[in-house]
Structures are given as structure tokens and as C-alpha cells.
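Secondary and tertiary structure notes
Okay, here's what each chain looks like letter by letter:
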Amino acid sequence: MRVTTRLISSPACLVVDEYGIDPSLKRLLEASGQKVPFDKPILEINPQHTITRKMKDEQDEQRFADWANILFDQSVLSSGETLSDPIAFVNRLNALLTQLS
């Protein structure tokens, strides 16, 4: 994870490092049966976004973890990937939304 200043409207995104494989190329290689080396994406966080600013003040560790997982899952979806556990994502999101006042 790292802080970024390039994001404007998003709280977070996934990027690959300079030697990583672009996600669209990775999907193409996997679809053609090629072996693709595993590379760990980097979660970039926008510290100026409303969500991340509110997370900074969150005192409840479980709620903070839930929001962190939501941001990560949103970043996965935004990069065109699929979630490993979409039901957990929906349940977590719904639980957090019901707690909003």
C-alpha cells in the first residue's frame, strides 16, 4: 500500500509496479493458457478523499477493517478483475451502509 496524489475522485486503486504485468495483458495470457507469474498489486490510497479521511478517525477496529476491505474490493472491481468472495463484499457493504446515519 502507498499514498498517492494522482487520484482525484477515487479513494483507492490497484496498480502494478514498474516491472509488473498489466491486468488486461494478464487476463489475455491466462485466457490463452499461458503461465503468468504472480505479481502483487499495490493499493494506492487517496488521503484527500472523504472516505479515507473518515476512516482515519474510525475508532472501531472491525469497522476500520471492513472499510479497508471494501476499498480493496472496489479497487479490484475497478481494475476489471473479479472478487474471490463477492458475497462477503456485498454483506460487508450492506452492513456498513446500514450503520450510516
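Placed above this text is the structure.
This report concerns the structure included in the present document.

What counts and what doesn't
- Residues numbered from 1 in each chain as written.
- Predicted model: local features only at pLDDT ≥ 70, side-chain atom pairs only at ≥ 80, totals over all residues.
- Heavy atoms only, no water.
- Helix = DSSP H or I, 4+ residues; strand = E, 2+ residues; numbered from the N terminus.
- Buried < 20%, exposed > 50% of the residue type's maximum accessible area, 1.4 Å probe, protein only.
- Axes fitted to C-alpha atoms, helices over the stretch in contact; angles between N-to-C directions.
- Parallel < 35°, antiparallel > 145°, perpendicular 65-115°, else oblique.
- Left-handed = near helix turned anticlockwise from the far one by under 90°.
- Contact = heavy atoms within 4.5 Å.
- Nonpolar A, V, L, I, M, F, W, Y, C, P; charged D, E, K, R; others polar.
- Salt bridge = Lys/Arg side-chain N within 4 Å of Asp/Glu carboxyl O.

1. Section: the overall build of the protein chain
- Helix and strand counts for the protein chain come out as four helices and three strands.
- Element order for the protein chain, N to C, with α for helix and β for strand: β-β-α-β-α-α-α.
- The dimensions of the protein chain, computed from C-alpha atoms along their principal axes, are 50 × 30 × 20 Å.
- Within the protein chain, buried positions represent 27% of all 101 residues.

2. Here we look at the packing of helix H3 (residues 61–78) against helix H4 (residues 86–98)
- The interhelical angle for the contact between H3 and H4, taken along N-to-C directions, is 130°, at an axis separation of 10 Å. In terms of their interaxial angle, H3 and H4 are classed as oblique. Two packed elements cross with a definite hand, and for H3 against H4 that hand is left-handed. For the pair H3 and H4, contact is made by Arg63, Asp66, Trp67, Asn69, Ile70, Asp73, Gln74 and Leu77 and by Phe89, Arg92, Leu93 and Leu96, respectively.
- Of the residues in the contact of H3 with H4, the class split is six nonpolar, two polar and four charged.

3. Comments concerning the pattern of salt bridges
- One pass over the structure, following the stated rule, counts five salt bridges.
- As a salt-bridge pair, Glu44 and Arg2 come within 2.9 Å of each other at their nearest N and O atoms. Placement of the pair is Glu44 in strand S3 (residues 42–45) and Arg2 in strand S1 (residues 2–3), with a sequence separation of 42 residues.
- The shortest N-O distance in the salt bridge between Arg92 and Asp66 comes to 3.6 Å.

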